[in-house]
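Inside the fold
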Amino acid sequence: MTERTVLSISGDDRVSFLQGLITNDVEKAADGIIYAALLTPQGKYISDFFVIGQSDRLLIDVATSHAPTLAQRLMMYRLRAAVVIEETGLIVSRGTGPAPSGALSDPRHSQMGWRLYGDANVSDDTDWDALRVEHLIPETGIELMADSYILEAGFEQLNGVDFKKGCYVGQEIIARMKHKTTLRKGLSKVSITGSAPIGTPIANAENKAVGTLFTQANGHAIAYLRFDRATGTLSAGAAEITV
C-alpha cells in the first residue's frame with residue numbers, strides 16, 4: 001500500500017481557499033470524503049488526494065511521495081487567505097472487510113473499501129494492486145504522473161472532478177477536453193500473457209507505439225493506450241497484450 005501523509009487546512013477561509021484550487025467540490029466533503037486533484041494551469045496532474053471535512057478543519061490524505069509538493073503549492077496559493085496548512089501525525093488505514101467505527105467509504109468506487117484516520121494502523125491484507133486493476137483505479141506515481149490529464153486517467157468515473165463547481169486551476173483545459181473533444185488516449189484494462197516491468201512501452205503488430213504498460217495482476221493490467229492504434233495483438237516486452 002502506498003504510504004500516506006495527512007495534511008490539515010484550518011482557518012476561516014479553508015473551504016473557499018481549497019474550492020478555488022482543486023477539481024472537486026469541497027462543500028461535498030462536509031462531514032464526509034471526496035477524491036480530487038490539484039492541476040497545473042495547463043491542466044496537467046500535480047497530485048491526487050482525498051479531502052475529509054471535519055468541524056474545524058479539512059484533512060488532505062495524499063501519497064507521502066507527493067505531500068511536500070502539494071503542501072508547497074498550497075502555501076504558494078495561500079496569499080492572504082485565513083488558512084493554516086500543516087502536517088498531522090494521523091495514520092491512514094484501509095481495508096475491504098467490515099469497516100471500523102469512524103471509517104469512510106472510498107469515494108472512487110464501491111469496491112475500494114474504507115479509509116480511517118487515527119493513531120494506529122488497522123489496515124487489512126487486501127491485495128490493492130489486484131483490486132485497482134480489476135476496477136481500473138490509477139495510483140499516484142504509477143499510472144498518475146506529471147504529464148497525466150485526469151480525464152484520460154478516468155477521474156470522471158472515479159468521482160474526482162465536478163463540472164459544475166466553477167473555476168479552479170486548470171479548469172478551462174479540463175472543460176474543453178470534456179465538452180469539445182473525444183478522448184483519443186487513456187487508461188484501459190487489458191488482458192496480459194506473461195509480464196513486463198511497469199513503464200514498458202506497448203507496440204502493435206506494425207511495431208507502432210500504442211502506449212505504456214502499468215500495474216499487473218491476475219492476468220490483467222492497467223495500460224495507457226492510444227485507442228486508434230490499440231487493435232489486434234499487442235506486445236509489451238515479452239508480454240502479449242489484448243484489449
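Quick caveat: nothing in here was measured; it's all calculated off a predicted structure.

Looking at helix 3 (residues 128–135)
By the burial criterion, the buried members of helix 3 are W128, A130, L131, R132 and V133. Among the structural elements, strand 6 (91–95), strand 9 (185–193), strand 11 (209–217) and strand 12 (220–226) are those in contact with the buried residues of helix 3. Where helix 3 begins, the side chain of D127 points an oxygen toward the backbone nitrogen of D129, at a separation of 3.4 Å. One or two steps after helix 3, the chain reaches L136, where phi turns positive at roughly 55 degrees.

Section: the side chain of T215
Tracing the chain through its elements places T215 in strand 11. Here R132 takes part through its side chain, which lies 2.8 Å from a polar atom of the side chain of T215. Residues within four places of T215 in sequence aside, it is in contact with D129, R132, V133, I142, E143, I198, H220, A221 and I222.

Considerations on the pairing of strand 8 (residues 114–118)
Here strand 8 lies mainly inside the structure; four of its five residues are buried. Pairing of strand 6 with strand 8, which is carried by five bridges, proceeds in the antiparallel orientation. Each bridged residue has a counterpart across the sheet, and for I91 the counterpart in strand 8 is G118. Sheet topology places strand 7 (residues 104–105) next to strand 8; two bridges connect them, and they run antiparallel. Residue pairing across strands places S105 opposite W114, the latter belonging to strand 8.

Considering the nonpolar core
Ranked by internal contacts, the top residues of the largest apolar core, which has 31 residues, are I52, Y117, I150, F155, V161 and I174. Going through the elements one at a time, strand 2 (33–39), strand 3 (45–53), helix 3 and helix 4 (171–180) are the ones with two or more residues in this core. Setting aside residues up to four positions removed in sequence, F155 forms contacts with Y35, A36, A37, D48, L144, I150, G160 and V161. Of all hydrophobic cores here, the second largest spans 24 residues; its members include L7, F17, I34 and L70.

Some points on the sheet that holds strand 6
If you walk across this open sheet you meet the three strands as 6-8-7, and the pairing is antiparallel. Strands at the two margins of the open sheet, each flanked by one partner only, are strand 6 and strand 7.

Overview of the packing of aromatic side chains
Evaluation of the coordinates by the stated rule reveals two aromatic pairs. The positively charged end of R108 is found above the aromatic ring belonging to Y35, 5.5 Å away from the centroid. One Lys or Arg, K178, reaches over the ring of F163 and ends 5.2 Å from the middle of that ring.

Considerations on the sheet that holds strand 5 (residues 84–87)
On the basis of which strands lie adjacent, the open sheet formed by five strands has the order 2-3-4-1-5 and antiparallel pairing. Strands at the two margins of the open sheet, each flanked by one partner only, are strand 2 and strand 5. Here the strands of the sheet are splayed against their neighbours by 30 degrees on average, with no regard to which way each runs. When strand 3 meets strand 4 (residues 57–63), the two strands line up antiparallel, connected through five bridges. Across the sheet, residue V51 finds its bridge partner in strand 4, namely I60.

Description of the pattern of salt bridges
Summed over all chains, the structure comprises 11 salt bridges. Between D106 and R115 there is a salt bridge, and its shortest N-O distance comes to 3.6 Å. The pair formed by D106 and R115 is uniform in burial state, with each residue classed as buried. Within the structure, one salt-bridge network assembled from shared partners comprises R4, D61, D106, R108 and R115.

Reading the values: the criteria
- Residues numbered from 1 in each chain as written.
- Predicted model: local features only at pLDDT ≥ 70, side-chain atom pairs only at ≥ 80, totals over all residues.
- Heavy atoms only, no water.
- Buried < 20%, exposed > 50% of the residue type's maximum accessible area, 1.4 Å probe, protein only.
- Helix = DSSP H or I, 4+ residues; strand = E, 2+ residues; numbered from the N terminus.
- Contact = heavy atoms within 4.5 Å.
- Polar contact = N/O pair within 3.5 Å; in protein donor to acceptor, adjacent residues only side chain to side chain.
- Pairing = 2+ DSSP bridges.
- Core = buried A, V, L, I, M, F, W, Y, C linked by side-chain atoms within 4.5 Å.
- Phe/Tyr/Trp six-rings, centres within 6.5 Å; stacked < 30°, edge-to-face > 60°.
- Lys NZ or Arg CZ within 6 Å of the ring centre and 35° of its normal.
- Axes fitted to C-alpha atoms, helices over the stretch in contact; angles between N-to-C directions.
- Salt bridge = Lys/Arg side-chain N within 4 Å of Asp/Glu carboxyl O.

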